[in-house]
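In case you want the letters, here they are:
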Amino acid sequence: MEHQRETLWNLGYRYRQFYREVTMALNRLAKDEFGYCEDCGDPIAEARLEVQPTARLCIDCQRELERRTSLSRQGGRKRSSDGAAPERMWDVDWRHPECVNA
């Protein structure tokens, strides 16, 4: 019973989050701001918008955000799967190949 309650709560949370993202995308569309990165102002690649129509950031800004978030969670150092610190802090091993800027 507890598992079902938790599952339903998680589904409700995801639907509310998706609703907010769609509403924000529609507001950007109404203001003629849809398709432009909220961070740098560059156009978001059409391929990225086809995969994620609610995208607010271009792929470069999204990667930078995820890198900063990852570094802050790890105390400023990105670690490899074996726990060793990388040679360079900017080593990135995560990509969205279908969402690259054209």
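Numbering of residues begins from 1 in every chain and follows the order in which that chain's sequence is written. Whole-chain, interface and lining totals are the exception, using all residues; otherwise, since this is a predicted model, local features are given only for residues with pLDDT of at least 70 and side-chain atom pairs are given and counted only at 80 or more. As a rule here, side-chain values come from all non-hydrogen atoms in the structure, and water together with hydrogens is ignored.

A word on a nonpolar patch on the surface. Side chains of Leu8, Leu11 and Tyr15 sit close together on the surface and give an oily, nonpolar patch of about 340 Å² of accessible area. We call a residue buried when its accessible area falls under 20% of the maximum for its residue type, exposed when it is over 50%, and partly exposed in between, using a 1.4 Å probe and counting protein chains only. Classification of Leu8 as exposed rests on a relative accessible area of 58%. What makes a patch is a set of residues exposed beyond 30% relative accessible area and free of salt bridges, joined within 9 Å when like-charged and within 5 Å when nonpolar (Val, Leu, Ile, Met, Phe, Trp, Tyr). Accessible surface area values rest on a Shrake-Rupley calculation with a 1.4 Å probe, where residue burial reflects the displayed protein chains alone. In what follows, salt bridge is the name for a side-chain nitrogen of Lys or Arg lying within 4 Å of a carboxyl oxygen of Asp or Glu.

The subject of this paragraph is unusual backbone geometry. Despite not being glycine, Asp32 shows a phi value in the positive range, around 60 degrees. Relative to the helices and strands, Asp32 resides in the loop between helix H1 (2-30) and helix H2 (46-51). Secondary structure elements follow DSSP: runs of H or I of four or more residues count as helices, runs of E of two or more count as strands, with numbering from the N terminus.

Let us now look at the environment of Met24. By the secondary structure assignment, Met24 is in helix H1. Spatially, the C-alpha atom of Met24 lies 9.5 Å from that of Phe34, the residues being 10 residues apart in sequence.

Moving on, we come to helix H3 (residues 59-73). Expected helix span is given by 1.5 Å per residue-to-residue step, counting one fewer step than there are residues. In this model H3 runs 21 Å from its N-terminal to its C-terminal C-alpha over 15 residues, within 8% of the 21 Å that 1.5 Å per residue would give. Within the span of H3, buried status applies to Ile59, Cys61, Gln62 and Leu71. Whether two residues are in contact is decided by their heavy atoms, any of which lying within 4.5 Å being enough. On the buried face of H3, the contacting elements are H2.

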